Amino acid sequence: MAGDTTVPEHAPLNGLPPRQRILRAAGLLFEQSHTPDISTRDVQRLAGVTAPTLYHHFKDKAGLIEAVIEDAFARYLAEKRTATVGFSPLKALRAGWDMHLEFGISQPVLYSLMYAPLKGQRETPAARTAREELRSGLVALHDAGLLVSRCMKRSPCWRRQRPASPSSSSAAAATPTHPMHAG
């Protein structure tokens, strides 16, 4: 990939602080790449920074990749939240799923890094936030009777993280209404 890096016109890096230029450059390289193995030299060249500047902001290449993932999740979640403001839980889930698929198809390398980190990488705080937001949406659907899920009642993490609702009865919980099952 060395030498063939170009900055798309829609993503100017000029004027950004060095850390942001590095993150944006690495993200652009992941978008253009067919592999998660990008060169830090290409990142430096595209960002217009030196190696010491890159390593001043990121301990190593793994730290850079983790920061790119965190930044991508933060931008993705902000866009998703904005796009689904005021939506019903079901409409928000559908719109979020469409965005999720579009992102995965348009940016497969970055998507794979975000959702299937490389060996030795930890889940980022933004990935945990994304997982929790999805879980909250599913809980809202379940509470509205629009989601039938036996595992939600039996899962230890479901019971541990979700307080019992005083208004729910075991009979109501056992027979939720769902458009697929009504009628």
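As a reminder, the structure under discussion sits directly above these lines.
Just so you know, these numbers come straight off a predicted model, no measurement behind them.

Calculation notes
- Residue positions within a chain follow its written sequence, with the count starting from 1.
- Where local features are concerned, this predicted model is filtered to residues with pLDDT of at least 70; where side-chain atom pairs are given and counted, the filter is 80 or more; whole-chain, interface and lining totals use all residues.
- The basis for every side-chain value is the complete set of non-hydrogen atoms in the structure, without hydrogens or water.
- To define a nonpolar core, start from buried Ala, Val, Leu, Ile, Met, Phe, Trp, Tyr and Cys residues and group those joined through side-chain atoms within 4.5 Å.
- Only protein chains enter the area calculation, which uses a 1.4 Å probe; residues under 20% of their type maximum are buried, those over 50% are exposed, and those in between are partly exposed.
- Starting at the N terminus, helices and strands are each numbered in turn, a helix being any DSSP run of H or I of at least four residues and a strand any DSSP run of E of at least two.
- It only takes one pair of heavy atoms within 4.5 Å for two residues to be counted as in contact.
- For a helix, the expected span equals 1.5 Å multiplied by the number of residues minus one.
- Where helices are involved, their axes are fitted lines through C-alpha atoms of the stretch in contact, as for all axes, and angles between N-to-C directions lie from 0 to 180°.
- Our angle categories are set so that under 35 degrees counts as roughly parallel, over 145 as roughly antiparallel, 65 to 115 as roughly perpendicular, and the remainder as oblique.
- Under the scheme applied here, ten amino acids are nonpolar (Ala, Val, Leu, Ile, Met, Phe, Trp, Tyr, Cys and Pro), four are charged (Asp, Glu, Lys and Arg), and all others, including Gly, are polar.
- As used in this structure description, the phrase polar contact means that two N or O atoms lie within 3.5 Å; if the pair is within protein, one of them must be able to donate a hydrogen and the other to accept it, and residues adjacent in sequence are counted only when both atoms belong to side chains.

A. Structural detail: the nonpolar core. Counting 32 residues, the largest nonpolar core has I22, F30, V43 and L64 as its most contacted members. Contributions of two or more residues to this core are made by α1 (18–32), α2 (40–47), α4 (61–83), α6 (108–115) and α7 (125–143). Ranked by residues supplied to this core, first place goes to α4 with 9 residues. Once residues lying within four places of it in the same chain are set aside, the contact partners of V43 are I22, A25, A26, L29, I38, L54 and L64.

B. Summary view of α1. In a regular helix each residue adds 1.5 Å, so 15 residues correspond to 21 Å; α1 covers 21 Å between its end C-alpha atoms and thus fits that length. Those residues of α1 that sit buried are R21, I22, L23, A25, A26, G27, L28, L29 and F30. Buried residues along α1 sit against α2, α3 (51–57), α4 and α6.

C. Molecular detail of the packing of helix α5 (residues 89–106) against α6. Direction vectors running N to C along α5 and α6 enclose 120 degrees, while the axes themselves pass 5 Å from each other. Here α5 is positioned oblique relative to α6, judged by the angle of their axes. Residues H100, F103, G104, I105 and S106 of α5 pack against P108, L110, Y111, M114 and Y115 of α6. For the contact of α5 with α6, the residue count by class is 7 nonpolar, 3 polar and no charged.

D. Inspection of the environment of M114 at higher detail. Tracing the sequence through the fold places M114 in helix α6. When the C-alpha positions of M114 and E66 are compared, they lie 8.9 Å apart, and in sequence the two are 48 residues distant. Once you skip the residues sitting within four places of it in the chain, M114 turns out to touch I69, A72, F73 and F103.

E. Region of the structure containing the side chain of S33. For S33, the position within the fold is in the loop between α1 and α2. In this structure the side chain of S33 is engaged in a polar contact, spanning 2.6 Å, whose partner is the backbone oxygen of T35.

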